[in-house]
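Residue strings, one per chain:
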Amino acid sequence: MSLSGGTYGRPAATDGASRGLADGLFMCCDCGAELEEFACCTACGRSFALRDGRPALFPEQPRDAVWRIPVAAFDPGAIPKDRAYRYPERSGQEASGVYHLDRAHEDVLNGLPKGSLVLEIGCGGGQMRKWVKDRGLDYLGTDVSVERVHDWLAQHGGPDILCDAHALPIRSNSVDAVYAVAVWEHLAFPQLAAQEVRRVLKPGGYFLGSASFLEPWHDESYYHMTPNGTHMTLQLAGLDVLFIWPEVNWPGFRAMLVMGNKATRPVAWLGRLMNRFYLFPKQMQFFLGNRRWPGLDDLHTVRSTMAGAIAWIARKSAPAHGSEASA
Ligand SMILES: [Zn+2]
């Protein structure tokens, strides 16, 4: 099945990079030509080093990022809250599940045809690899280095290749799903990276992600994202927003204590308590007004206001055959 790859042989951890190379998945991040080997680009002569046993496909040349922004996109009234800001059918992380994996993302991945390619950006320890491959899907894990990961996750093999999310060395229209969880707050130009996601996705492909909102500043994070910021980031990248929801078991009160320091961590239960205090009057208000206890969607905005992290599912439009309606 797997092919041993190019000049450097297979990366230390996996064969994902080698298979991608054989499939023509990679491109030179400087000139855009298809990469036939990891050692260098035959088109522009650019050579690439190995770092920690993996191809390090970072651009060297500066490039212009041209951005055409529809002014109307900045009208907050244009964000359809009732359509975009809602919980998927299932959401939340299972305590026994893969680190960070949300049920809603799981459901999308489970629905992909066998052999679909899942590109993970910011894969950390590569803990998703086994889960994805066990479902008959192909997996390519990327990160900026092998070091930005909890020690206890390092056993999973790490990234297949190293690259920059703002300049993915991946050919356009080649990926079935991009998965990037707890990553987007770490990007210096989140909208630019979202455009890269759209570029590499096949039409109809999914972007599954999440980002910090009220979590503390951590691991050199740049931009923590509100629900509106999330929507705008996805929309400006030309993606269709299907769902944006606050991670329900991760209220900001708790996130701040868990991620605070050694003194705050043991009292993280206080965060749950404060969240209950915060929700209760809103729940009662809803109950009195509607004669039923609110479901998740009913208090979406209330939970979003204090969420530790925001998750999303977006999609690259499938090509419309003659009409906009089928998009
Ligand atoms: Zn090149």
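Residues numbered from 1 in each chain as written. Predicted model: local features only at pLDDT ≥ 70, side-chain atom pairs only at ≥ 80, totals over all residues.

As annotated in an unreviewed UniProt entry, the protein chain carries the name Methyltransferase domain-containing protein and comes from Jhaorihella thermophila.

**Q** Help me get a handle on the environment of Val-132, residues and values and all.
**A** Structurally, Val-132 can be placed in helix H4 (residues 129–134). Once the C-alpha coordinates of Val-132 and Asp-164 are considered, the two residues, 32 residues apart in sequence, prove to be 22 Å apart. Those residues in contact with Val-132 that sit more than four places away from it in its chain are Leu-109, Val-118, Leu-137 and Tyr-139. (Helix = DSSP H or I, 4+ residues; strand = E, 2+ residues; numbered from the N terminus. Contact = placed C-beta atoms within 7 Å.)

**Q** Let's hear about the sheet that holds strand S7 (residues 201–212): which residues, and what values?
**A** Here we have seven strands laid out as an open sheet, ordered S5-S4-S3-S6-S7-S9-S8, and mixed in their pairing. If you trace the sheet from one side to the other, it starts and ends with strand S5 (161–162) and strand S8 (240–246), each paired once. Judged from the five bridges that link them, strand S3 (residues 117–121) and strand S4 (residues 138–143) form a sheet pairing that is parallel. Looking across to S4, one finds that Val-118 is bridged to Tyr-139. Packed on one face of the sheet, helix H5 (residues 190–200) meets S3, strand S6 (175–181) and S7 and runs near 150° to S7. (Pairing = 2+ DSSP bridges. Axes fitted to C-alpha atoms, helices over the stretch in contact; angles between N-to-C directions.)

**Q** How would you sum up unusual backbone geometry? Please name residues and give values.
**A** With a phi angle near 75°, His-100 is a residue other than glycine that sits in the positive phi range. Within the secondary structure, His-100 sits in the loop between helix H2 (81–84) and helix H3 (103–110). Given 19 C-beta atoms within a 10 Å radius, His-100 is considered partly exposed. (Buried ≥ 20, exposed ≤ 12 C-beta atoms within 10 Å, placed from the backbone.)

**Q** Tell me about the confidence of the model for the protein chain, and name the residues and values.
**A** On average, residues of the protein chain score 89 in pLDDT, and 91% of them reach the 70 mark or higher. Every residue in residues 1–13 is under pLDDT 50, and counting partners more than four places away or in other chains gives 38 contacts. Taken as a whole, residues 323–327 scores under 50 in pLDDT and shows five contacts with residues more than four places along the chain or in a different chain. (pLDDT = per-residue confidence, 0-100.)

**Q** An account of helix H6 (residues 227–236) is needed here, citing residue identities and associated values.
**A** Of all ten residues in H6, seven are buried, a share of seventy percent or more. Looking only at H6, the buried set comprises Pro-227, Thr-230, His-231, Met-232, Thr-233, Leu-234 and Leu-236. The inward-facing, buried residues of H6 abut H2, H5, S7, S8, helix H9 (300–305) and strand S9 (309–315).

**Q** Go over the packing of H5 against H6 with me, naming the residues and quoting the values.
**A** Following both chains from N to C, one finds H5 and H6 inclined at 45°, their axes separated by 8 Å at the closest point. Comparing their axes, H6 and H5 come out oblique. Handedness of the crossing formed by H5 with H6: right-handed. Together, Pro-190, Gln-191 and Ala-194 of H5 and Thr-233, Leu-234 and Leu-236 of H6 make up the contact between the two elements. Split by residue class, the contact of H5 with H6 holds four nonpolar, two polar and no charged. (Parallel < 35°, antiparallel > 145°, perpendicular 65-115°, else oblique. Left-handed = near helix turned anticlockwise from the far one by under 90°. Nonpolar A, V, L, I, M, F, W, Y, C, P; charged D, E, K, R; others polar.)

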